[in-house]
Amino acid sequence: MSTPAPGTVGIVGGGIGGLAAAIALRRVGIEAVVFEQAPAFGRVGADINLTPNAVRALDGLGVGERLRETAARPRYRISRTWDTGAETSRLPMAGVAERRYGSPQLTMHRADLLAALAEALPGGVVRLGSKLAGLSNQDRTRLSFADGTEFQPDVVVGADGIHSVVRTALFGPESPEFTGVVAYRAVVPAERVDVPNLDCFTKWWGPRPDTQIVTFPLNRGRDVFVFATTAQQEWRAESWTAPGDVAELRAVYSGFHPEARALLDACDSVLKSALYVRDPLPAWSAGRHTLLGDACHPMMPFMAQGAGMAVEDAVVLARALAEYSDAEVALKAYQAARLDRTRRVQLGSRGNDWLRDSTDADWLYEYDAWTVPLS
């Protein structure tokens with residue numbers, strides 16, 4: 001017996017993927033409601049690097065111009081050796097990327113992206129303070145929340161991150177694996193640092209695969225974001241906003257090139273977080289339930305594709321639900337269209353050798369979620 005195309009999609013999780021999915025669904029005429037457990041959207045979290053494939057998907061959602069108001073456009077993507085500073089690759093971005101791929105690279109604060117997505121949705125679509133307590137797929141799909149309320153959508157999308165409650169309900173309990181890598185994040189006013197290429201995305205490749213420093217411009221070049229990773233055997237506090245130690249940050253990278261260390265010396269404060277992964281899933285969908293973004297393919301940050309893959313998922317999901325009259329068939333088509341690509345990026349991000357010695361980014365950046373075939 002076929003399941004009719006959805007009248008309403010319930011999206012669990014109001015992050016980048018969940019909000020993008022709601023916009024994409026509404027653009028193809030499907031009602032969507034987003035349930036976010038946080039009581040409000042706060043200006044927390046890391047800054048974000050949106051590569052051309054992600055920006056193209058966001059442009060199709062109608063939020064691209066809003067993003068360009070605060071974003072920076074790095075001129076180049078540069079790889080440099082940690083101690084000598086020697087360049088091992090340089091990829092033109094900015095206008096070159098826009099002409100080649102149809103959209104530029106944008107670097108910005110994650111909160112600005114979330115604000116642009118939230119503003120693109122009418123009031124009432126996002127329901128804050130809604131913590132999922134359970135879901136059922138018996139006679140009718142049902143979401144139950146901690147405050148006692150329930151909602152019965154035709155389709156459920158789990159966009160609730162690496163600790164996805166929807167994923168656990170569908171496929172059983174499983175804990176993310178600590179990678180043994182921690183990340184430092186800081187923002188430095190550009191005027192305080194006198195080094196070249198502050199208007200570029202620069203990656204300083206360390207002596208080990210887990211050690212690196214990445215910098216890129218923010219706020220139209222007024223600030224510089226610093227992202228650095230290194231090995232650490234144990235980690236207890238899993239948070240994006242835990243304070244770190246600036247002295248520890250500088251000590252870890254004391255052997256790096258002076259231009260890299262100059263940025264660390266300019267840091268007044270730093271956040272520190274652990275990096276976790278899950279293995280790729282063989283399937284995301286079960287009946288009228290499916291997953292999206294970090295709920296099904298959490299990424300290491302080394303290819304800058306966590307947000308990009310989530311937005312691509314959102315677009316392809318909406319297209320599939322609009323294309324097929326049977327909702328379960330649509331979810332399988334969405335999964336089939338996305339599995340191989342996200343697996344490749346998910347595993348490639350773990351390897352951490354993306355564009356170290358190469359400038360061949362076409363397979364990743366040329367992808368267009370709005371036109372990729374559905375099968």
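Quick look at the structure, then. Source: prediction; values computed, not measured. (Residues numbered from 1 in each chain as written. Predicted model: local features only at pLDDT ≥ 70, side-chain atom pairs only at ≥ 80, totals over all residues. Heavy atoms only, no water.)

A full pass over the atoms with the stated rule returns 17 salt bridges. The salt bridge involving Arg167 is made with Glu174; its shortest N-O contact spans 2.9 Å. Of the residues examined, Glu174 reaches a relative accessible area of 39% and is grouped as partly exposed. Between Arg341 and Glu312 there is a salt bridge, and its shortest N-O distance comes to 2.8 Å. Note that Arg341 is positioned in helix 10 (residues 327–351) and Glu312 in helix 9 (residues 306–323), a separation of 29 residues in sequence. Here Arg341 matches Glu312 in class, with each residue buried. The network of salt bridges with common partners includes Glu312, Asp313, Arg338 and Arg341. (Salt bridge = Lys/Arg side-chain N within 4 Å of Asp/Glu carboxyl O. Buried < 20%, exposed > 50% of the residue type's maximum accessible area, 1.4 Å probe, protein only. Helix = DSSP H or I, 4+ residues; strand = E, 2+ residues; numbered from the N terminus.)

This part is about the packing of aromatic side chains. Tallied over the full model, the rule gives 12 aromatic pairs. Relative to Tyr253, the ring of Tyr184 has its centre 6.3 Å away and its plane inclined at 85°; by these criteria the two rings are edge-to-face. In this pair, Tyr184 is assigned in strand 12 (residues 177–189) and Tyr253 in the loop between helix 7 (246–252) and helix 8 (258–265), connecting sequence segments 69 residues apart. In this structure Tyr253 comes out as buried when scored by relative accessible area, which is 0%. Centroid distance Tyr253 to Phe256: 5.4 Å. Interplanar angle 80°. Geometry classified as edge-to-face. One aromatic cluster in this structure is built from Trp82, Tyr184, Tyr253 and Phe256. (Phe/Tyr/Trp six-rings, centres within 6.5 Å; stacked < 30°, edge-to-face > 60°.)

A word on unusual backbone geometry. Leaving glycine aside, a negative phi is the common case for residues, and trans is the common case for peptide bonds. Even without a glycine there, the phi angle at Asn352 is positive, about 55°. Not every positive phi belongs to a glycine, and Leu355 is a case in point at roughly 60°. Inspection of the secondary structure assignment puts Leu355 in the loop between helix 10 and helix 11 (362–365). Accessibility expressed as a relative area gives 4% for Leu355, which makes it buried.

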